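Residue-level listing of the chains:
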Amino acid sequence: MILKLILLGIVMVAVYRFLGGTTPLTSPKKEQNEGDADALEECHTCGTYVTRRESIIVKGKYYCSKECLPG
Ligand SMILES: [Zn+2]
């Protein structure tokens, strides 16, 4: 009987949501974004390591301060 299979599917999804809460597809992405801000990047001009949060990004390259910016 197909109805039994549908009911079983609904129960499976309900149990999965109850145990997992969030799907594994959405949570790792958020964690990765939070970690990226503290990731160290080398200044393209002087070689000083700065966190991505503190760095200045120009044309895809990282710089530690305004003095190291090109031009
Ligand atoms: Zn620098």
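This write-up is about the structure you can find in this document. (Residues numbered from 1 in each chain as written. Predicted model: local features only at pLDDT ≥ 70, side-chain atom pairs only at ≥ 80, totals over all residues.)

Within the chain, the regular secondary structure consists of two helices and four strands. In sequence order, the chain lays out its α and β elements as α-α-β-β-β-β. When contacts within the chain are restricted to residue pairs at least 6 apart in sequence, long-range pairs at least 24 apart make up 2% of them. (Helix = DSSP H or I, 4+ residues; strand = E, 2+ residues; numbered from the N terminus. Contact = placed C-beta atoms within 7 Å.)

Locating His44 in the fold gives a position in the loop between β1 (40-42) and β2 (49-51). For the pair His44 and Cys68, spaced 24 residues apart in sequence, the C-alpha separation works out to 7.9 Å. Those residues within four positions of His44 in sequence are excluded, and the remaining contacts are Lys61, Tyr62 and Tyr63.

Let us now look at helix α1 (residues 2-20). The end-to-end C-alpha separation of α1 is 27 Å, in line with the 27 Å expected for 19 residues at 1.5 Å each. Summarising burial for α1: zero of the 19 residues are buried, a small minority. (Expected span 1.5 Å × (residues − 1). Buried ≥ 20, exposed ≤ 12 C-beta atoms within 10 Å, placed from the backbone.)

Once that is clear, we can look at the environment of Pro70. With respect to the helices, strands and loops of the structure, Pro70 is situated in the segment after β4 (61-63). A C-alpha to C-alpha distance of 8.2 Å links Pro70 and Thr45, two positions 25 residues apart in sequence.

Of note in this structure, Lys59 is not a glycine but carries a positive phi near 50°. The topology assignment puts Lys59 in the loop between β3 (56-58) and β4. Judged by the 6 C-beta atoms lying within 10 Å of it, Lys59 is exposed.

With that settled, consider the environment of Tyr63. Here Tyr63 is to be found in strand β4. Looking at Tyr63, the number of C-beta atoms within 10 Å reads 21, which means it is buried. Here the alpha-carbon distance between Tyr63 and Gly47, two residues 16 residues apart in the chain, equals 8.7 Å. Residues within four places of Tyr63 in sequence aside, it is in contact with Cys43, His44, Thr45, Ser55, Ile56, Val58, Cys68 and Leu69.

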